[in-house]
Amino acid sequence: MRPGALGGGRGVVAILVLVLRSRIRVGSRQIGAARSRHPIRTTVQGITLLVVGLTTAVTIALVSRLLFSVVTETDQHLVFAAFFVALLSAGIIASSGAALQSIYLAPDLPFLLTMPIPLVSTFTSKFIETLAGTLPIGFIGFWFLAGYASTTNQPILTFLVGGSVLLAYLVMLTALGIVMVAGIARVVPAKRAWTVLGIVSLVIVASLGVWWATIQRDDASSGLTPGISIDAALHAGAAGMVANVLQAGKHFEYTPLGWAARTIAATDGPGLAAWSNGVAFASLSLVSIVGAWWLFAITFATGTSGFRTASAPLPRPSRPIARWTAAGLSYLPVQLAALVLKEWIMMFRDSRRLTGALWPLGMVIVYTINLSRGSPAVTDPAGWGFWQSIGPVIFLPWATSLGTAVYSVGSEHRGVHLLRTLPVDSQLVLTAKVVAGVVPVLVLTTAAAILVAAGNEATLTQLGLVVLFMTWSSVGFVTLDTCASALAPNFVADQVQRTLRLKGRIYSLGAGAVFAAGTVLVVGWALITVEGQPPIITSVDLTTSVGFDPLGWPLAFAGLVISGAVVIASWTLGVTHLDHILIGDAP
Amino acid sequence: MTIPAIRVQGLTKRYPSGTGVHDVTFVVPAGELFVFLGPNGAGKSSTIKMLTGLLTPSDGVVEVNGVDVVRDRTAAKRLIGYMAEQPFLYEKLTGREFVTFVADIYRVPRRTRIERSESLLQILEMTDRADHLIETYSLGMRQKIAIASVLVHQPPVLFLDEPTNGLDPRSARTVKDLLRDICARGGTVFMTTHILEIAEQMCDRVGILDQGRLVALGTIDELRDRLGLPDASLETIFLQVTGYARPIDFDLFTSSGYGEPLELDPDAASA
């Protein structure tokens, strides 16, 4: 213990209470301040959270009920084991992120370090803060447990035992998160922690995905035969899913997650074996806390100073790449080129900003692989069959843009104040952000689309059309999402996903849906023009029944009007809001 | 008639909580180094933000080189170089990239930009670190890059909030010399500082703001004459016009002695 620190267990607890009380006070004041500053926004957010929470809870409980209504009593623990495994990746990501934020990057840490506070009190308060970051996992677990208890008519004891097991599970996840972060802080320079954490999380998710794919039972979809009714297909699909869940559970039956699962599943018939599983899991949970404390204690000074030292060794950024990019932009007006270059450099050097692009990137990869193999439902791969196979690829820019362009204004962070001091107007800034956003989305998704088209034996005309559609789609969706990012940016958010507030997200989705509808019409017209009417409507004489050919120019006109209107409206809104940010009194 | 570099007439800023800046009027001619002083919370930041077009005045006129800052902000910003107390920098850019970015925004021709940025980086002793990310810089290095970015487009009017903040004595001297040189060549510098020695050494004229009102304006000699304190330092003048009186006798420490350990009662903490 450092000189001046309070001795004895009571002192440690007293200090812990003081620290926690101050943290709670800070948190409640932040909420209070937000409520008084933006009462309507806070109310809407509260209601949205409630609705989303209720929907999630009901969905989880229903899935749980479905699973437990079809498995036998002896297999129930396998479902729980599979459930704990499924939560593991999300749990580790949540807990390690929370540990990094609440322990190593917390603004109060240097202050706490200068105070005569025993390290164990600091650790405990930070452990509790980190544990709070895993509460969403606990929420999911609780409703899964509720689904189980209501389906199998479990006694109230199930909630007590299940709740305790869940708590022990969260504690273990928290400890694991702290261990991971302590390890990272030990071996990598401070500024790289988020990147390493992102890579580790990606590896965990990918490993679980690969594992899940490899254990899929081959006979899981054996019930899906041609001509099957929808009910029968759903039943067969559900049965296959349950079989896979049980298969997954079996792999972890004798691991600590299996102990936790057995403890919950055996509460209505508490045998010695069931209780011993529970005791073993709880003990392991305690051991994990001790392990986390030990690692925290021995790495604390190194890790913290590493995080705080501004001069942590970093390699020089690649100047040639920036130079080539600058040369590539030289045909643009100089101010626009400067803003676009700045945007790209910031985008590609900021690993935290790139985390927003992880899931869209995953989606592009998944769609490319799936659609390249062709659709079994398509019997004739030429003409309309080709477009039927690759159709969804046209909307890949939407997904990609939702993970990148929607954050473009908010991720300026403090840089927005610099923009306010510079002689630039909102049109120029927004144009630069659109250009900077369109190029990577266009390159990435067009490359994916060409791969998909090639996999489906596209003709040259079809390939040309694919490139044209991808350009239309990329420019449209990125413009909409960039404008949406100006509607409700959050410049003080640390995480990129929080740099756009709810209003902007809702607008982005709504405007995207309208543009998607317009795109369907325009693409439909283009395909009818090139490929002729699709087989499904060739037998209908629309011209006679309507009086004109609705699949001719009216289709293109309607598509262009819808798409154009939503883009123009969004641009106007975006410029107005950005104007307010750049020349108003406070962003 | 010569157009003044800065003309402020009846500048007022009202907030819901009260008036932050009250009817401030002054003129800064071209080529002058004007130091703006005031106690914490006096309204200096609000004033400088209104002068640079970052905050809309409730009343009054602000002109920079004859351009109305409120009516034509973009045109006014072309004439201004503004450095905030905590400079606004893009952390993921290198120092050199940042200076280039600002120069391009001000449309400085490429060759001129390269020449100027290289010499500024050299003068400010940043050449060795110019290709490192700004996020790795110390406070002083950030300050130097901010100064370089403000000077690279050679604006006629500079607004600098605590420009020597975080600089080592050698760099602070360089910056002071640089600013004096700019004024000698016709540029105008409007700066704030809490270090009165710097203000006294550098300024042509000084303005002192207190509780949102301009309570003193003139050269240091003029202020001495006005107050009847012929040998007074700027610190004495400042304290005099802002009404400072030593409020207590610092008997805070005498009751228990200075440095005696305090007892913390664990029960009281957890109660």
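Quantities reported herein were computed from a predicted structural model and do not represent experimental measurements.

## Considering the overall build of chain A
1) Next: Helix and strand content of chain A: 23 helices and zero strands.
2) Next: Across the 587 residues that make up chain A, the buried fraction comes to 44%.
3) Next: The long-range share in chain A, meaning contacts at least 24 apart out of those at least 6 apart in sequence, stands at 83%.

## Re the overall build of chain B
1) Next: Of regular secondary structure, chain B possesses 10 helices and 10 strands.
2) Next: Looking at chain B as a whole, 52% of its 271 residues qualify as buried.
3) Next: Total accessible area on chain B is roughly 13000 Å²; 49% of this is exposed by carbon and sulfur atoms.

## Overview of helix α5 (residues 139–151) of chain B
All names here are of chain B.
1) Next: When the terminal C-alpha atoms of α5 are compared, their 19 Å separation across 13 residues agrees well with the 18 Å that a helix rising 1.5 Å per residue should span.
2) Next: With respect to burial, α5 is a largely interior element, 12 of its 13 residues being buried.
3) Next: Here α5 has its buried residues at G140, M141, R142, Q143, K144, I145, A146, I147, A148, S149, V150 and L151.
4) Next: On its buried face, α5 sits against β6 (80–83), α3 (95–105), α4 (110–123), β7 (157–161) and α6 (169–184).

## Digging into the sheet that holds β6(B)
Residue and element names in this part refer to chain B.
1) Next: With respect to topology, six strands assemble into an open sheet ordered β6-β7-β8-β3-β9-β10, the strand pairing being mixed. Strands with a single pairing partner mark the edges of an open sheet, and in this sheet they are β6 and β10 (213–218). Taken pair by pair, the neighbouring strands of this sheet meet at an average axis angle of 15°, ignoring direction.
2) Next: Of the pairings in the sheet, the one linking strand β3 (residues 33–37) to strand β9 (residues 205–210) comprises four bridges and is parallel in character. Across the sheet, residue F36 finds its bridge partner in β9, namely G207.

## Describing the pairing of strand β2 (residues 18–28) of chain B
All names here are of chain B.
1) Next: Strand direction decides the pairing type here: strand β1 (residues 6–15) and β2, joined by seven bridges, are antiparallel. Bridge assignment links I6 to a residue of β2, and that residue is V28.
2) Next: Here β1 folds back onto β2 in antiparallel fashion, the turn holding two residues.

## With respect to the sheet that holds strand β4 (residues 59–64) of chain B
All names here are of chain B.
1) Next: Judged by pairing direction, the sheet is antiparallel, and its four strands sit side by side in the order β2-β1-β4-β5 without closing on themselves. Edge positions in the sheet fall to β2 and β5 (67–68), since each of these pairs with one other strand and no more.
2) Next: Those strands touched by helix α1 (residues 44–51) are β1, β2 and β4, and its axis lies near 125° from that of β1.

## Here's the deal with a nonpolar patch on the surface
All names here are of chain A.
1) Next: Nonpolar side chains collect at one region of the surface, where L361, I365, I369 and L444 lie side by side and expose about 330 Å² of accessible area between them.
2) Next: Ranked by residues supplied to the nonpolar patch, first place goes to helix α15 (residues 358–372) with three residues.
3) Next: A relative accessible area of 36% means that L361 is categorised as partly exposed.

## Description of the side chain of B:Q143
Residue and element names in this part refer to chain B.
1) Next: The residue Q143 is located in helix α5 in this model.
2) Next: For Q143, the side chain forms a polar contact with the main-chain oxygen of E162, separated by 2.9 Å.
3) Next: Among all residues touching Q143, those that are not within four sequence positions of it are M83, E85, P87, E162, P163, T164, N165 and L167.

## Examining the pairing of β1(B)
1) Next: Across five bridges, β1(B) lies against β4(B) in antiparallel orientation. Within the sheet, the bridge partner assigned to B:V8 lies in β4(B) and is B:V62.

## With respect to the nonpolar core
Nonpolar side chains in soluble globular proteins tend to end up buried together.
1) Next: Counting residues in hydrophobic clusters, the biggest one holds 112 residues, and the most contacted among them are B:F26, B:F101, B:F159, B:L179 and B:F190.
2) Next: If one sorts the elements of this core by residue count, helix α13 (residues 334–349) of chain A sits on top with 10 residues.
3) Next: Those residues within four positions of B:F159 in sequence are excluded, and the remaining contacts are B:I6, B:I48, B:L51, B:T52, B:V64, B:I80, B:G81, B:Y82, B:M83 and B:F190.
4) Next: A:V85, A:I103, A:A175 and A:V242 belong to the second-largest nonpolar core, a separate cluster that totals 57 residues.

## Let's talk about the packing of helix α3 (residues 76–104) of chain A against helix α5 (residues 119–132) of chain A
To describe two helices that pack against each other, one gives the angle between their axes and the distance between the axes.
All names here are of chain A.
1) Next: At a minimum axis distance of 8 Å, the contact between α3 and α5 shows a crossing angle of 140°. It follows from the interaxial angle that α3 and α5 lie oblique. Seen along the crossing, α3 lies across α5 with a hand that is right-handed. Contacts from S95, A98, A99, S102 and I103 of α3 reach α5 at K126, E129 and T130.
2) Next: Each residue belonging to the contact of α3 with α5 can be placed in one class, and the counts come to three nonpolar, three polar and two charged.

## Examining the pattern of salt bridges
A pair can form between side chains of opposite charge whenever their charged atoms are brought close.
Residues and elements named next belong to chain B.
1) Next: Tallying each qualifying case throughout the model produces 20 salt bridges over all chains.
2) Next: One salt bridge connects R224 with D221, and the closest N-O pair in it is separated by 2.8 Å. With R224 and D221 both in helix α8 (residues 220–227) and three residues apart, the pair spans about one turn of that helix.
3) Next: When its relative accessible area of 17% is taken as the criterion, R224 is described as buried.
4) Next: By relative accessible area, which is 49% here, D221 ends up partly exposed.

## A few points about the confidence of the model for chain B
Any segment with low pLDDT has predicted coordinates that should not be analysed in fine detail.
1) Next: With 90% of its residues at a pLDDT of 70 or more, chain B has an overall mean of 89.
2) Next: For this predicted complex, the interface score ipTM comes out at 0.84, alongside a pTM of 0.71.

## Quick word on unusual backbone geometry
Residue and element names in this part refer to chain B.
1) Next: Positive phi values are uncommon outside glycine, yet N65 reaches one of about 50°.
2) Next: Locating N65 in the fold gives a position in the loop between β4 and β5.
3) Next: A positive phi angle is found at Q211, which is not glycine, with a value near 50°.

## Points about the environment of A:G564
1) Next: Its place among the elements puts A:G564 in helix α23 (residues 553–583).
2) Next: The class for A:G564 is partly exposed, based on a relative accessible area of 27%.

## Quick look at the packing of helix α19 (residues 426–455) of chain A against helix α20 (residues 460–487) of chain A
All names here are of chain A.
1) Next: For the pair α19 and α20, interaxial distance at closest approach is 8 Å and the crossing angle is 145°. Judged by the sense of rotation from one axis to the other, the crossing of α19 with α20 is right-handed. Where α19 abuts α20, its residues L430, K433, V434, G437, V438, V441, L442, T445, T446, A449, I450 and A453 lie against L463, V466, V467, M470, T471, S474, V475, V478, T479, T482, C483 and A486.
2) Next: For the contact of α19 with α20, the class distribution of residues is 16 nonpolar, seven polar and one charged.

Reading guide: rules and limits
- Residues numbered from 1 in each chain as written.
- Chains lettered and ligands numbered in written order.
- Predicted model: local features only at pLDDT ≥ 70, side-chain atom pairs only at ≥ 80, totals over all residues.
- Heavy atoms only, no water.
- Helix = DSSP H or I, 4+ residues; strand = E, 2+ residues; numbered from the N terminus.
- Buried < 20%, exposed > 50% of the residue type's maximum accessible area, 1.4 Å probe, protein only.
- Contact = heavy atoms within 4.5 Å.
- Areas by Shrake-Rupley, 256 points an atom, 1.4 Å probe, with all protein chains shown as cover.
- Expected span 1.5 Å × (residues − 1).
- Pairing = 2+ DSSP bridges.
- Axes fitted to C-alpha atoms, helices over the stretch in contact; angles between N-to-C directions.
- Patch = residues over 30% accessible without salt bridge, like charges linked within 9 Å, V, L, I, M, F, W, Y side chains within 5 Å.
- Salt bridge = Lys/Arg side-chain N within 4 Å of Asp/Glu carboxyl O.
- Polar contact = N/O pair within 3.5 Å; in protein donor to acceptor, adjacent residues only side chain to side chain.
- Core = buried A, V, L, I, M, F, W, Y, C linked by side-chain atoms within 4.5 Å.
- Parallel < 35°, antiparallel > 145°, perpendicular 65-115°, else oblique.
- Left-handed = near helix turned anticlockwise from the far one by under 90°.
- Nonpolar A, V, L, I, M, F, W, Y, C, P; charged D, E, K, R; others polar.
- pLDDT = per-residue confidence, 0-100.

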